[in-house]
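Analysis of the macromolecular model
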Amino acid sequence: MIKKIFLFSVFSLALSGTSQTQWPTITQANKPWTRWWWEGSGVDKEGLSAAMKLYQQAGLGGLEITPIYGVKGAEDKFLNFLTPQWTEMLQYTLNEAAKLNLGIDMATGTGWPFGGPWVKPADACKNIHLKTYSLKEGEELKDTIYFTQKTMVRTVSGKPVDITTLSYPIATNKNLQTCAFDQVVYPIPLDLHVLMAYSDKGVVIDLTKKVNAKGKLNWKAPKGNWNLYALFMGWHGKQVERAAPGGEGDVIDHFNEQALKNYLSEFDKAFKGKDLSGLRSFFNDSYEVDDARGQSNWTPEFFKEFSARRGYDLRNELPSLYQIEKSEKTARVLYDYRLTISELLLEKFTKPWHTWAKEKGKLIRNQSHGSPANILDLYDAIDIPETEGKNAMRFKFATSAANVSGKPLASAEASTWLNEHFVSKLSDVKKNLDDYFVGGVNHIFYHGTNYSPQNDAWPGWLFYAAVHFTPSNPFWKDFGTLNNYVAHCQSFLQKGKSDNDVLVYFPYNDKISEVNNEADYRQTYSEHDPKHVSGFLYHFDGMNGFEKTDFKTSSDMLLEKGYTFDFISDKQLELTTSTGGLLETTGNSYKTILLSNTKYISLQTFTKLADLVKSGATVIFYKDSPSLVPGLSHLKKNQAGLDALLKQLNYSKTSVTSIQQAVLGKGKFIKGDDLSELLKFASVSRESLADKGLGFVRRKLGTGHYYFITNSGTNRINDYVSIESKGATVVLFDPMFERKGLAKIKKDDGGKIEVFLQLEPGESCILQVTPTIVNDVLFPYSKSNGSAEVLKGKWIVKFLSGGPVLPASYETENPAPWTAQSAADYQNFSGTAEYSTTFDKPTTNSEAYQLDLGKVEESAEVILNGKKMATLIGPNYKVIIPAASLQDNNQLQIVVTNGMANRIIDLEKRGVEWKKFYNVNFPAHDAENRNKDNLFTAKSWTVRPSGLTEKVTLSPITLEHKP
């Protein structure tokens, strides 16, 4: 097809009469926020004011207050959580933040998960224990029916603690900051929860009331052989992780609404009479109750809740629930059990917490991953879904829930443990943030920033997980450049709605119907009955547990090939309608829904799919279509209903050999084994720019579109790339260097656009596709206009700030790392140094030049003739210099800043004690960096190169003036 090249001159654009495009105004929410660790809550008003001013000056938009474990030697500064002294500091923070236009969120507790000293044993997280007995006809049980939990004490440090030295409950003990308990199970005899008898003839008898207070069963076995199942409800023992002073104690029972209400009542008391108008949101970290031995898998009213929801008595099916061998009935009982747990976590914890916050006029942010529940439903029930990590599929669950339900913000706990302590560069962080943007995140929270007293010795107070976004990190000097970049990106990404085409059905039913012994099951066994399962639950976090499924492989294929998609749950699907062939969720529109070899589907969900198809929707079955209803509840009726619906689908051949279709009403079901062909048949297109190693996210605003695009590959992009959005013009924005202008585009006869992009590996841009011609300057594409020239001459290296001491200045013929100097002062230095030189104006006649610093360790501010040209944080260190900025003789200053590593190495080798933290002090990311005490050490590290490392060049370029 012949391409039409559209050339817009400045003259023709002026005649169009349309307005000039603008960068969006930066708001508080557009800027990145950070988790603000209050170690020991050891804050004071002077320190809070000073810290917040630094954060605001660095370009942060807000702070999430999370009180955390304390610092040794600062015990006199500790403020117990929620005391009047603590809430006074919160009130002061809110007032100061308002003056600085900083937003404030706060964790609903200290550390994670919800818990603390006011959580009584009745409200603490529970588990269930099994003990079995066998009787023959006429026999009486000689054993006493009892169960004592096996004693366990787990501390974060791993140091043993004699439980006989501990009082009960755990919060009554002293020195909890020192102990840092992770899980504590006391040797307490448990009350009998239920005793059921099952005969080989199918008879079931409840014997609970026949057991006296001493555990004696008053019952003689009637005819048959009998198995007795005794259940004892105990305490899981999970403690608040990384708790702050006054926040130590048991974690709550997340399946018990009264336990939540009792927990939140302490906040109500503490906040009474306080002005919380400056607080935006409450926060909850990931579930993480079961990152311990065993599972929190029960609640006192579980049998009652189960019967009400599933329609039968679970006590009658305990042998199937606990059976370890695979069977259809066990799978169905397990499904019903797990679905009930999922519903309780949603209805007894997430929604009531949301209601509590809403009554205070606040939002909630929640990390739903890691939960034994359908995390899409948990994310859907909150205001700001939050993800974390490095994997796009993990991000997708939080961002999908935001997109499907129309939530404006999807946040991320960003850059946690990118690599080892003190190693991450701003360029590493940028890459991680770009991955989040591509995954649909538009509200970044760094993890995190420590409050540290202004006069504390370097490196100050630190959190146990890297990266350290703190003023003591030298990269703080250039941190604002990264924050400005994030703000520009998010100012677009928070506009409009996501523009994804495919809904991918989350096969939650398939997963919770599984019976297996794999590690991801996290099952444990009763210490008395090793043949019986006492775990049960799966925990949902990204694609964990779905590794060998078609759900994962098809999702990976969509991502790799440039198809845009969101995950959807049964509950979300119930609220979906079909209009004009499109699927309309509560927040967005989609072209189709994909089920990838799904086995189990509820009658309600399949009925909904059929209704959507009748109204014009297209539903894709990749490989096999669902054929079974899950669970034991109303099985015969539900399966008969599903079978009847399936019989209505009369599949026939299509024009594509590999695809069959069943027309129903105005729409159709299609199925086949070739996913690409199925999507094409459903009129779903893909963004082919993914083939070039470009990551992207696409959003719609009115009749126009936005793209965030990042070069996540290893090759420079200097070519036209196709996009699927149609429009009259494309405006190209460079969020790092704040350049913008009309893009060069080509169109084919069908109106499909190709946009010319120039992106180095690691660089990003934003495209605005407009339906009408706009009036704007042209984007300054560059083109080589000659060979690069090395800047020759004397370089002076001068040290500006940092430590442990400022090294002496020196001269060099060629720029090289300052760590190449042999003296210890250079080797140990972390901070900022200036490389300066002079050079004559190039003899070549060019309108602009590209200054290339080569590889820089780690960030660089470029100043030419006293004027700042740019701050470069990497991974590329090139900047365009207009010819008008050059003089006959030029002064060039390159101000380079490294990270914390070299100064930390020096502290380690000199034996200076800086690891002074309670609870978890101070773990390494990598095993090779652990000392004999299992703490992080850099003592054996070699000095990391710092400064300029290569020759600096200047290349003549031309800037194109035609789009």
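Residues numbered from 1 in each chain as written. Predicted model: local features only at pLDDT ≥ 70, side-chain atom pairs only at ≥ 80, totals over all residues. Heavy atoms only, no water.

What follows deals with the overall build of the protein. Scanning the protein from terminus to terminus reveals 20 helices and 49 strands. Here the C-alpha radius of gyration of the protein, 31 Å, is about what a compact globule of 963 residues would show, namely 30 Å. Dimensions of the protein, computed from the C-alpha atoms along their principal axes, are close to 110 × 75 × 50 Å. Looking at the protein as a whole, 61% of its 963 residues qualify as buried. Accessible surface computed for the protein: about 37100 Å², of which carbon and sulfur atoms make up 49%. (Helix = DSSP H or I, 4+ residues; strand = E, 2+ residues; numbered from the N terminus. Rg over C-alpha atoms; globule rule 2.2 N^0.38 Å. Buried < 20%, exposed > 50% of the residue type's maximum accessible area, 1.4 Å probe, protein only. Areas by Shrake-Rupley, 256 points an atom, 1.4 Å probe, with all protein chains shown as cover.)

Locating His705 in the fold gives a position in strand β30 (residues 704-711). Within the structure, His705 has its side chain in polar contact with the side chain of Asp499 (distance 3.1 Å). Not counting the four nearest positions on each side in its chain, His705 is found in contact with Asp499, Arg698, Arg699, Lys700, Ser725, Leu767, Gln768 and Val769. (Polar contact = N/O pair within 3.5 Å; in protein donor to acceptor, adjacent residues only side chain to side chain. Contact = heavy atoms within 4.5 Å.)

Another aspect to go through is the packing of helix α6 (residues 302-310) against helix α8 (residues 328-359). Axis separation between α6 and α8 bottoms out at 10 Å; the angle between their running directions is 105 degrees. Considered as vectors, α6 and α8 are oriented roughly perpendicular to each other. Each of Phe302, Glu305, Phe306, Arg309 and Arg310 in α6 lies in contact with α8, whose residues at this interface are Asp336, Tyr337, Leu339, Thr340, Ile341, Glu343, Leu344, Glu347 and Lys348. Taken together, the residues of the contact of α6 with α8 sort by class into six nonpolar, one polar and seven charged. (Axes fitted to C-alpha atoms, helices over the stretch in contact; angles between N-to-C directions. Parallel < 35°, antiparallel > 145°, perpendicular 65-115°, else oblique. Nonpolar A, V, L, I, M, F, W, Y, C, P; charged D, E, K, R; others polar.)

What follows deals with helix α16 (residues 603-614). Compared with the 16 Å implied by 1.5 Å per residue over 12 residues, the 16 Å span of α16 between its first and last C-alpha is a close match. Among the residues of α16, those classed as buried are Thr605, Phe606, Lys608, Leu609, Ala610, Leu612 and Val613. Count one or two residues on from α16 and you reach Gly616, which has phi positive near 120 degrees. (Expected span 1.5 Å × (residues − 1).)

The first and last C-alpha atoms of helix α5 (residues 257-271) sit 21 Å apart over 15 residues, in line with the 21 Å expected at 1.5 Å per residue. If you check which residues of α5 are buried, you get Ala259, Leu260, Tyr263, Leu264, Phe267, Ala270 and Phe271. Sitting at the amino-terminal end of α5 is Asn256, which places a side-chain oxygen 3.0 Å from the backbone nitrogen of Gln258. Looking one or two residues beyond α5, the residue adopting positive phi is Gly273, at roughly 85 degrees.

Positionally, Tyr720 belongs in strand β31 (residues 717-723). On the basis of relative accessible area, Tyr720 is assigned to the buried category, the value being 18%. Taking the C-alpha atoms as reference points, Tyr720 and Leu757, 37 residues apart in sequence, are found 6.2 Å from one another. Ignoring anything within four residues of it in the chain, the contact list for Tyr720 reads Lys692, Lys744, Ile745, Lys746, Glu754, Val755 and Phe756.

As a further point, take the pairing of strand β19 (residues 502-505). Burial of the side chains of β19 extends over both faces: Val502 and Val504 are buried on one face and Leu503 and Tyr505 on the other. In the sheet, β19 pairs with strand β20 (residues 565-568) via four bridges, with the strands oriented parallel. What sits directly across from Tyr505, in β20, is Ile568. With three bridges joining them, β19 and strand β24 (residues 592-596) adopt parallel strand pairing. Counted as the bridge partner of Val504 is Leu594 from β24. (Pairing = 2+ DSSP bridges.)

Let us now look at the sheet that holds strand β27 (residues 659-664). In space, the seven strands of this open sheet follow the order β20-β19-β24-β25-β28-β27-β26, with mixed pairing throughout. Because the sheet does not close on itself, it has two edges, and the strands there are β20 and β26 (652-653).

This next bit is on the pattern of salt bridges. All told, the structure shown has 54 salt bridges when counted by the stated rule. Between Arg35 and Asp285 there is a salt bridge; the shortest N-O distance is 3.3 Å. Residue Arg35 is located in strand β2 (residues 33-39), and its partner Asp285 is located in the loop between β13 (279-284) and α6; the two are separated by 250 residues in the primary sequence. For the pair formed by Arg35 and Asp285, the shared burial category is buried. Of the charged contacts in the structure, one is a salt bridge between Arg698 and Asp499, with a shortest N-O distance of 2.8 Å. Of this pair, Arg698 sits in strand β29 (residues 694-701) while Asp499 sits in the loop between β18 (497-498) and β19; the two residues are 199 residues apart in sequence, bridging distant segments of the chain. One exposure class covers both Arg698 and Asp499, and it is buried. One salt-bridge network, in which partners are shared between bridges, spans Arg35, Glu64, Asp105, Arg280, Asp285, Arg365, Glu386 and Glu413. (Salt bridge = Lys/Arg side-chain N within 4 Å of Asp/Glu carboxyl O.)

Tallying each qualifying case throughout the model produces 80 aromatic pairs. Taken together, a centroid distance of 6.1 Å and an interplanar angle of 85 degrees make the contact between Phe506 and Phe540 edge-to-face. You can see Phe506 sitting in the loop between β19 and α13 (508-512) and its partner Phe540 sitting in the loop between α13 and α14 (550-561), a full 34 residues away along the chain. Assessed through its relative accessible area of 0%, Phe506 is described here as buried. Here the guanidinium or amino end of Arg365 rests over the ring plane of Phe445, the centre of that ring lying 3.7 Å away. Residue placement shows Lys746 over the ring face of Tyr720; its charged tip is 4.2 Å from the ring centre. (Phe/Tyr/Trp six-rings, centres within 6.5 Å; stacked < 30°, edge-to-face > 60°. Lys NZ or Arg CZ within 6 Å of the ring centre and 35° of its normal.)

With that out of the way, let us pick up the sheet that holds strand β40 (residues 810-812). Taking strand neighbours across the sheet as the criterion, the six strands line up as β40-β39-β41-β47-β44-β45 in an open arrangement whose pairing is antiparallel. Each of the sheet's edge strands pairs with one partner strand only, and the pair in question is β40 and β45 (867-872). Taking each pair of neighbouring strands and ignoring which way they run, the sheet shows an average axis angle of 25 degrees. With five bridges joining them, strand β44 (residues 859-864) and β45 adopt antiparallel strand pairing. Bridge pairing links Glu861 to Thr871 in β45.

Attention now goes to the pairing of β29. Judged by how many residues are buried, β29 sits mostly within the fold: six of eight residues are covered. In terms of strand pairing, β18 meets β29 through two bridges, oriented antiparallel. Across the sheet, residue Lys497 finds its bridge partner in β29, namely Lys700. With eight bridges joining them, β29 and β30 adopt antiparallel strand pairing. By the bridge assignment, Val697 is partnered in β30 with Phe708. Joining the antiparallel neighbours β29 and β30 is a turn of two residues, in which Gly702 adopts a positive phi near 60 degrees.

Another aspect to go through is the packing of helix α2 (residues 45-57) against helix α3 (residues 84-100). Packing of α2 against α3 brings their axes to within 10 Å, and their N-to-C directions diverge by 35 degrees. Considering the relative orientation of α2 and α3, their crossing is right-handed. For the pair α2 and α3, the contacting residues are Lys45, Leu48, Ser49, Met52, Lys53 and Gln56 in the first and Glu88, Met89, Tyr92, Thr93, Glu96, Ala97 and Leu100 in the second. Of the residues belonging to the contact of α2 with α3, the class tally is six nonpolar, three polar and four charged. (Left-handed = near helix turned anticlockwise from the far one by under 90°.)

What follows covers the environment of Val515. Among the secondary structure elements, Val515 is positioned in the loop between α13 and α14. Take Val515: its relative accessible area is 10%, and that puts it in the buried class. Linking Val515 and Leu334, residues 181 residues apart in sequence, is a C-alpha distance of 7.9 Å. Setting aside its immediate chain neighbours within four residues, Val515 contacts Ile324, Glu325, Lys326, Thr330, Ala331 and Leu334.

As a further point, take the environment of Val663. Considering the arrangement of structural elements, one finds Val663 in strand β27. Separated by 49 residues in sequence, Val663 and Lys614 have C-alpha atoms that sit 8.4 Å apart.

All right, on to the state of the cysteines then. Should the sulfur atoms of two cysteines be covalently bonded, the bond is a disulfide. Under the counting rule described, the total for this entry stands at zero disulfides. Counting only cysteine sulfurs, Cys179 is the nearest neighbor of Cys125, a cysteine outside any disulfide, at a range of 19 Å. By relative accessible area, which is 2% here, Cys125 ends up buried. This cysteine, Cys489, is not joined by any disulfide, and Cys765 carries the nearest cysteine sulfur, 9.6 Å off. (Disulfide = S-S within 2.5 Å.)

A separate point is the confidence of the model for the protein. Across the protein, the average pLDDT comes to 94, with 96% of residues at 70 or higher. Taken as a whole, residues 1-19 scores under 50 in pLDDT and shows 36 contacts with residues more than four places along the chain or in a different chain. This stretch, residues 518-534, has a pLDDT under 50; its non-local contacts, to residues over four places away or in other chains, come to 52 contacts. (pLDDT = per-residue confidence, 0-100.)

Once that is clear, we can look at unusual backbone geometry. Residues apart from glycine generally show negative phi values, whereas peptide bonds are mostly found in trans. With an omega dihedral of -5 degrees, the bond running from Tyr168 to Pro169 counts as a cis peptide bond. With an omega of 5 degrees, the peptide bond between Asn921 and Phe922 qualifies as cis. Topologically, Phe922 is positioned in the loop between α20 (901-910) and β48 (947-948). One non-glycine residue, Asn919, adopts positive backbone phi at about 70 degrees. For Asn919, the location among the structural elements is in the loop between α20 and β48.

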